[in-house]
Amino acid sequence: VGASDSLAQLAGYVDRLGEVCPWTARQRAADLLFHTRKELLEVEEVLRAKEIDESALCSELGDVLFDVLLLVRVAARDLSPAAVSLEACAAAACAKLRRRAPYVSGAAVPASPEEAEAWWQRTKEAEKAEAAKGEEP
């Protein structure tokens, strides 16, 4: 996958939008979901084409990435920058992957896609049960 200076630059642009753009200042996190859904539909359209246009796919995935970064920025602004940040969201995703797909950090690799999916679903259900009891996964 590879992250580079472009990812940092994009995050910087999103921060700048949050500081100076009146449209961005008016948005709330829930307002941005419409745009994110629209971008996901555009990704789907590219992926379902008879022949995938890799340039179009990168462009549409870039739009989704921008939307996610903007959503994090706006949620942090509206809620709590200490609790909602790109770092906090990435850490939460990493923790979830380590629980639901432990082979990403060196555990035994599942023998089949079905086994991987079953592990993921079992872990997800256990997390939901713990959350219902008010426990941290």
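Everything that follows concerns the structure shown earlier in this document.
What follows deals with the overall build of the protein. Secondary structure assignment for the protein yields six helices and zero strands. When the elements of the protein are put in sequence order from the N terminus, they spell out α-α-α-α-α-α. Over its C-alpha atoms the protein spans a radius of gyration of 18 Å, topping by over 25% the 14 Å that the globule rule assigns to 137 residues. By principal-axis analysis of the C-alpha atoms, the protein measures approximately 50 × 45 × 30 Å. Within the protein, the proportion of its 137 residues that are buried is 21%. When contacts within the protein are restricted to residue pairs at least 6 apart in sequence, long-range pairs at least 24 apart make up 51% of them. For the protein, the exposed surface amounts to about 9800 Å²; the carbon and sulfur share of it is 59%.

What follows is about the pattern of salt bridges. Within the structure shown, the criterion is met by seven salt bridges. For Asp78, the salt bridge goes to Arg28, with nearest N and O atoms at 3.6 Å. You can see Asp78 sitting in helix α4 (residues 54-78) and its partner Arg28 sitting in the loop between α2 (22-26) and α3 (29-47), a full 50 residues away along the chain. In this structure Arg28 comes out as partly exposed when scored by relative accessible area, which is 42%. Residue Glu44 is joined to Arg48 by a salt bridge in which the shortest nitrogen-to-oxygen separation is 2.8 Å. Taking relative accessible area as the criterion, Glu44 reaches 33% and is therefore assigned partly exposed. A cluster of three or more residues bridged by salt bridges with shared partners is formed by Arg28, Arg77 and Asp78.

The next point concerns the environment of Glu130. Within the secondary structure, Glu130 sits in helix α6 (residues 113-132). Residues Glu130 and Leu70, spaced 60 residues apart in sequence, show a C-alpha to C-alpha distance of 30 Å.

Attention now goes to the nonpolar core. In this structure, Leu10, Val14, Leu32, Leu69, Leu70 and Val74 together form the largest nonpolar core, which totals six residues. The set of elements that each furnish at least two residues to this core consists of α1 (5-20) and α4. In terms of residue count, α4 provides more of this core than any other element does, three residues in total. Not counting residues up to four positions away in its chain, the partners in contact with Leu10 are Leu65, Phe66 and Leu69.

Bringing the side chain of Arg100 into the picture now. Looking at the secondary structure, you find Arg100 in helix α5 (residues 86-100). With residues up to four places along the chain from it excluded, the contact list for Arg100 reads Trp119, Trp120, Thr123, Lys124 and Glu127.

Inspection of the secondary structure puts Leu32 in helix α3. As a C-alpha pair, Leu32 and Val68 span 36 residues in sequence and 9.2 Å in three-dimensional space. With residues up to four places along the chain from it excluded, the contact list for Leu32 reads Trp23, Gln27, Leu70, Leu71 and Val74.

Attention now moves to the side chain of Thr24. Take Thr24: it is sitting in helix α2. Given a relative accessible area of 2%, Thr24 falls into the buried group. Not counting chain neighbours up to four residues away, the residues in contact with Thr24 comprise Leu17, Gly18, Leu70, Val74 and Arg77.

Reading the values: rules and limits
- Residues numbered from 1 in each chain as written.
- Predicted model: local features only at pLDDT ≥ 70, side-chain atom pairs only at ≥ 80, totals over all residues.
- Heavy atoms only, no water.
- Helix = DSSP H or I, 4+ residues; strand = E, 2+ residues; numbered from the N terminus.
- Rg over C-alpha atoms; globule rule 2.2 N^0.38 Å.
- Buried < 20%, exposed > 50% of the residue type's maximum accessible area, 1.4 Å probe, protein only.
- Contact = heavy atoms within 4.5 Å.
- Areas by Shrake-Rupley, 256 points an atom, 1.4 Å probe, with all protein chains shown as cover.
- Salt bridge = Lys/Arg side-chain N within 4 Å of Asp/Glu carboxyl O.
- Core = buried A, V, L, I, M, F, W, Y, C linked by side-chain atoms within 4.5 Å.

Any functional reading would require information that these geometric values do not contain.
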